[in-house]
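Geometric and topological summary
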Amino acid sequence: MRRTALALLLFICSCRNAPPRADTAADQTATQPDSVASETVAVETDTVAREIYIDSVRVTNPIIAFGRARTFENTVQLRVRDAEGELLGETFTTSAGEMGHHNPYSAELWITRNPGARVTVEVFEYSARDGSVRSLVSRVVPYDVQMMPLTLEWPVGDDCTTTRPFVRQVPKTVAVARLLMESLVGGVLPAEQSGGARSAVPRGAGVNSVVIREGALTVDFNERLQNVGGSCGATAIRQSVARTLMR
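Our subject in this report is the structure included herewith. Per chain, the residues get numbers from 1 upward, laid out in the order the sequence is written. Selection of residues for local features in this predicted model requires a pLDDT of at least 70, selection of side-chain atom pairs for listing and counting requires 80 or more, and totals for whole chains, interfaces and linings are taken over all residues. Side-chain figures throughout are based on the complete set of non-hydrogen atoms in the structure, without hydrogens or water.

Next up on the list: the nonpolar core. Among buried residues, those of type Ala, Val, Leu, Ile, Met, Phe, Trp, Tyr and Cys that are joined through side-chain atoms within 4.5 Å constitute a nonpolar core. Relative accessibility under 20% of the residue-type maximum defines a buried residue, over 50% an exposed one, and the middle range a partly exposed one, all with a 1.4 Å probe and only protein chains included. Counting residues in hydrophobic clusters, the biggest one holds 30 residues, and the most contacted among them are Leu150, Met181, Val210, Phe221, Val241 and Leu245. Numbering goes from the N terminus for both helices and strands, where a helix is a DSSP run of H or I of at least four residues and a strand is a run of E of at least two. Among the elements that make up this core, the one with the highest residue count is helix α2 (residues 176–186) (six residues). We call two residues in contact whenever any of their non-hydrogen atoms come within 4.5 Å of each other. The residues contacting leucine 150, other than those within four sequence positions of it, are Phe166, Val167, Arg168, Val170, Val176, Leu179, Leu180 and Ser183. In terms of nonpolar packing, the next biggest core, distinct from the first, is built from 22 residues, Ile63, Val119, Val123 and Val145 among them.

Encoded structure:
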């Protein structure tokens, strides 16, 4: 699948001689400081044969589910709901192994708003025949990750270049730049929309990576950003992303 879209390079003078590092959960989860809550909740499996199992859930931001799945083309869907049952987000991963077996998987989802005291983790697959949800399993786990304020620069009005800061409460993470970008592609919250904010990023956009290397911060979005509705749309995205990260 073709990847690429919009790559933003912000040269940070004070970091010009800093060693390479990646602002991603994969690189930082293992070294999270004590200030960021981290807990793995083990989940008991039953004796009834099923296609998908959730073995454990790591209660961090991103939230990470581990398990085994026997699905079509090894594709596994993950979605998470907040304490009120509202959808926080959805993503997918691929289990590792030969198709037709219960292969191990891990899937992560970034939490871009306050989910409340617990979350519901759902793992399933979409039917290749009609797109319906199949083999769904779910687990409710406590979510006590400390909250922190996150400032996002959302476009306002009809001007392609005008943005305004909006602050929301989100679960704490060590990968702040990645969480900022995940929040932008996730869209505005109702309270932000009431305040005049609008999202410039098209629906279906995703973040492939956020990397800091030799003083340059690079954001790689998926192919959905190849079509953003003309130069004004592209400018609005660039302004929103650049000003959010510069904060």
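That was the structure; now back to the text.
A separate point is the packing of aromatic side chains. Stacked, edge-to-face and tilted are the three classes for Phe, Tyr and Trp ring pairs, Trp counted by its six-membered ring, which pair at centre distances within 6.5 Å; planes under 30 degrees apart are stacked, over 60 edge-to-face, the rest tilted. All chains considered together, the criterion is met by one aromatic pair. Here the aromatic rings of phenylalanine 124 and tyrosine 126 are separated by 5.1 Å at their centres, their planes lie at 85°, and the arrangement is edge-to-face. Judged by relative accessible area, tyrosine 126 falls into the partly exposed class, the value being 35%. Residue placement shows arginine 68 over the ring face of tyrosine 53; its charged tip is 4.4 Å from the ring centre. Whether a charge lies above a ring is judged from NZ of Lys or CZ of Arg, which has to be within 6 Å of the ring centre and within 35 degrees of the ring normal.

On to the environment of valine 145. Inspection of the secondary structure puts valine 145 in the loop between β10 (133–142) and β11 (147–155). Taking relative accessible area as the criterion, valine 145 reaches 4% and is therefore assigned buried. C-alpha separation for the pair valine 145 and asparagine 61, spaced 84 residues apart in sequence, amounts to 7.8 Å.

Each neighbour pair has its own omega, and for asparagine 61 with proline 62 the value is 15°, a cis peptide bond. With respect to the helices and strands, the residue proline 62 is situated in the loop between β4 (52–59) and β5 (63–69). Residues other than glycine seldom take positive phi values, yet serine 135 does so here, at roughly 55°. Here serine 135 is to be found in strand β10. Phi is positive for glutamate 214, which is not a glycine, with a value near 55°. Relative to the assigned elements, glutamate 214 resides in the loop between β13 (207–213) and β14 (216–221).

Glancing now at the sheet that holds strand β6 (residues 75–81). Two strands pair under a simple rule: DSSP has to find at least two bridges between them. With antiparallel pairing, four strands are arranged side by side in an open sheet as β7-β6-β9-β10. The outermost strands of the open sheet, each flanked by one partner alone, are β7 (87–94) and β10. The mean inter-strand angle of the sheet, taken between neighbouring strand axes irrespective of direction, is 20°. The pairing of β6 with β7 spans seven bridges and is classified as antiparallel. Within β7, the residue paired with arginine 81 across the bridge is leucine 87. Here, axes are lines fitted to C-alpha atoms. For helices the fit covers the stretch in contact, and angles between N-to-C directions go from 0 to 180 degrees.

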